[in-house]
Amino acid sequence: MQTESDLPDMPDGQCRNERPIMIHLKYCGGCNPEIDRPAVVKRLEELFLSNNLKVEFDFNSNRNTDLLILVNGCPHACLEKDNMNSATMTPCFSIQGAMIDYRPVTEEELPVILYEKILTILS
Amino acid sequence: MALMTGRDYIESLRELQLEVYFMGEKITSVVDEPMFQPHINTAAMTYELAHDPQHQEIMTATSHLTGEKINRFTHVHHSIDDLVKKVRMMRLLGQKTGTCFQRCVGLDALNALYATTYEIDEKNGTTYHERFKKHLRHMQEKDLMSAGAMTDPRGDRSRRPSEQKNPNAYLHISKKDNDGIIVNGAKAHITGAINSHEIIALPTRAMGENDSDFAVAFAVPVDTKGIKFVFARQTNDTRRLESPMDAGNPKYAIVGGEALIIFKDVFVPWERVFMAGEYEFCGQLVETFAGHHRANYGGCKVGLSDVVIGASHWVADAHGVAKASHIIDKLTEMIAMAETCWSCSLACSYEGRKTQSGSYNINPLLANVTKLNITRMVYEWMRLSHDIAGGKIITLPSESDINLPGIGEVITECFEGKEGVIVNDIFKMLRLVENMSVGAGLPEAMHGAGSPAAQKIMIARRSGIERKRELAETIAGIRTDENFEKIVGKPEEEYWQETKEKIKLKPR
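The structure presented is a predicted model; accordingly, all values stated were derived computationally and were not measured. (Residues numbered from 1 in each chain as written. Chains lettered and ligands numbered in written order. Predicted model: local features only at pLDDT ≥ 70, side-chain atom pairs only at ≥ 80, totals over all residues. Heavy atoms only, no water.)

Participant: If you had to explain the overall build of chain B to someone new, which residues and values would you point to?
Facilitator: The helix and strand tally for chain B stands at 19 helices and 14 strands. Dimensions along the principal axes, computed over C-alpha positions, put chain B at roughly 95 × 75 × 50 Å. A buried classification covers 55% of the 508 residues belonging to chain B. For chain B, contacts bridging at least 24 residues in sequence account for 76% of all contacts bridging at least 6. Accessible surface for chain B amounts to roughly 22400 Å². Of this, 52% is attributable to carbon and sulfur atoms. (Helix = DSSP H or I, 4+ residues; strand = E, 2+ residues; numbered from the N terminus. Buried < 20%, exposed > 50% of the residue type's maximum accessible area, 1.4 Å probe, protein only. Contact = heavy atoms within 4.5 Å. Areas by Shrake-Rupley, 256 points an atom, 1.4 Å probe, with all protein chains shown as cover.)

Here it is as structure tokens:
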């Protein structure tokens, strides 16, 4: 897995990582979401790019990825049932509607908190 | 670890020295008081069924604290399966008793405090959660029954607790010292209070900073010094002192046996205090408790509906009209409403979620919808039971007259049904319908777990109305419909321009 210590400081506009951070992204089915799920993901991607980090989202579970992010639209968090598998070594993050780690946050805070958590894992 | 039987539970109550008043008298023995015995029998069912191989799967659970088998009424839910089994247990007990079995209030209080104390500690660095876990373990190991005590008398409802002329309108902390707190005030309408082992007190509403003395949660044994109980009256309650048949449900009575609990300078040691001034968590605690409790009503009241629907069909059949189309139609209406409420209860459980503490909570929107439906539909299915059973449910002679030599035989002839049906059984069934549908059960369905206005507030708060507006805007063409544009393969504006052109060209 790529870690942040592998990532050099680069001049503005240049990416710090040659190989993009590969994120396996899973959306829940979206029957009655409390949050705008794609908007949260878009904002997360912007946060990576604004910090000169290349990131690639992958919806295909067959590829090797650095992270798994579960984007659940509500606190029921359907995705957690089958995806929070401790047997796999891939770090996993889960959004449960307007919550992360089962703590309520605003929709605006969600991508920021998630981004910080990912950086912590990468470092 | 002992799972008490029904008999064990009743005997365990003898050890408690409560100060209870009813009908102008101080009651010397709760267990031996005929007015209380049916309510005690009902609570005993929550113990007895835990030993029945037919029901153990839902009546017992595995403690997350000890790994031991416990009664589900002392369990903190740790999965969706737990939430679902809880409401299944409610329906089962409603079916077995035909009334309120009282023990769910304490269960919901335990669950609300488990989740909320964890979050108070997370924010404030306090130790309430560990204290609470010790208390929970005590409850589980002894298999005790808690009376969940939330509702304060509340005085002038337009004023906050700290603004009341009488401070005892809300239970509050009068004093704090190194050993614990002293509380004063009262809790009203408390189900199962006189036949519980413990009281678990919670605040009744969201509080502000000035109300911090009223932000108090704790557990005390029911016979703690300074606690008095005044048992409430119910419709036709003293019939049970006159005649089992006239009482309607002489074994288990009506609703839960509610009491006013008065706290006068009651000392609570710190190890039993789970909130003392954290006013900002009162709203959350109340909401969590109310959510769990409102979820139950689509279980227990539907269990009662199973009984009253069965009774209505029995009465119709006894009078030879079970196959009449209007009877079938009414019974079908009753069943459909009851199963609607059951669906709500299951849904709010299946849609539950994990909390920070690791315990599970129901879906609060759906739980409030469950209870709101109950406040309406119980009245409607009970109305239909009156329609089917007929006017006899309010005009039957007493059991004494039925048994009176010389007149009893005539009465019996008057109330005969179709051939082969025992007249005494008709009396019993009509009295059961009367008991369940005319008495205290109706307003209990309305106000227990909170009145309809409280449910509507929660439903409105959690409705996600902005998202619904966005959906409407997308369908109406006010907001971009990305899926539509993918389907038609072009921007919506371009698509409609082309469509308008086609419409113009089409010959009319």
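The structure having been displayed, the exposition proceeds.
Participant: Give a description of unusual backbone geometry that names residues and reports values.
Facilitator: Trans is the common state for peptide bonds, and a negative phi is the common state for residues other than glycine. Phi at D101(A) takes a positive value of approximately 55 degrees, unusual for a residue other than glycine. Mapped onto the fold, D101(A) is located in the loop between strand 5 (99-100) and strand 6 (103-104). Positive phi is not limited to glycine here, since Q102(B) has a value of about 70 degrees.

Participant: Before we move on, can you summarise the domain arrangement of chain B with the specific residues and values?
Facilitator: Domain boundaries in chain B define domain 1 (286-461) and domain 2 (465-505). The distance between the C-alpha centroids of domain 1 of chain B and domain 2 of chain B comes to 49 Å. (Domains from an automatic or database assignment.)

Participant: Talk me through the side chain of R294(B); I want residue IDs and the actual numbers.
Facilitator: Mapping R294(B) onto the fold places it in helix 9 (residues 282-318). When residues no more than four places from it in sequence are discounted, the contact partners of R294(B) are A367(B), N368(B), T370(B), K371(B), A449(B), G450(B), A454(B), Q455(B) and M458(B).

Participant: Kindly report on the interface of chain B and chain A, identifying the contributing residues and their values.
Facilitator: On the chain A side, the residues contacting the 10 residues of chain B number eight residues. When the area that chain B buries against chain A is broken down by residue, the three leading residues are R353(B), Q356(B) and R467(B), summing to 52%. Linking chain B to chain A there are one salt bridge. In this structure, E122(B) and R103(A) form a salt bridge, with 2.2 Å as the shortest nitrogen-oxygen distance. The interface formed by chain B and chain A includes five residue pairs in polar contact (both at pLDDT 80 or more). (Buried area = accessible area lost by both parts, 1.4 Å probe. Salt bridge = Lys/Arg side-chain N within 4 Å of Asp/Glu carboxyl O. Polar contact = N/O pair within 3.5 Å; in protein donor to acceptor, adjacent residues only side chain to side chain.)

Participant: Give a detailed account of the packing of helix 4 (residues 80-97) of chain B against helix 9 of chain B, specifying residues and quantitative values.
Facilitator: Residues and elements named next belong to chain B. Two elements in contact, helix 4 and helix 9, have axes whose closest approach is 7 Å; the angle formed by their N-to-C orientations is 35 degrees. The two elements helix 4 and helix 9 meet at a crossing, and its hand is right-handed. The residues of helix 9 that touch helix 4, namely those facing L83, K86, V87, M90, R91, G94 and Q95, are H292, A295, N296, G299, C300, V302, G303, L304, D306 and V307. Broken down by class, the residue content of the contact of helix 4 with helix 9 amounts to eight nonpolar, six polar and three charged. (Axes fitted to C-alpha atoms, helices over the stretch in contact; angles between N-to-C directions. Left-handed = near helix turned anticlockwise from the far one by under 90°. Nonpolar A, V, L, I, M, F, W, Y, C, P; charged D, E, K, R; others polar.)

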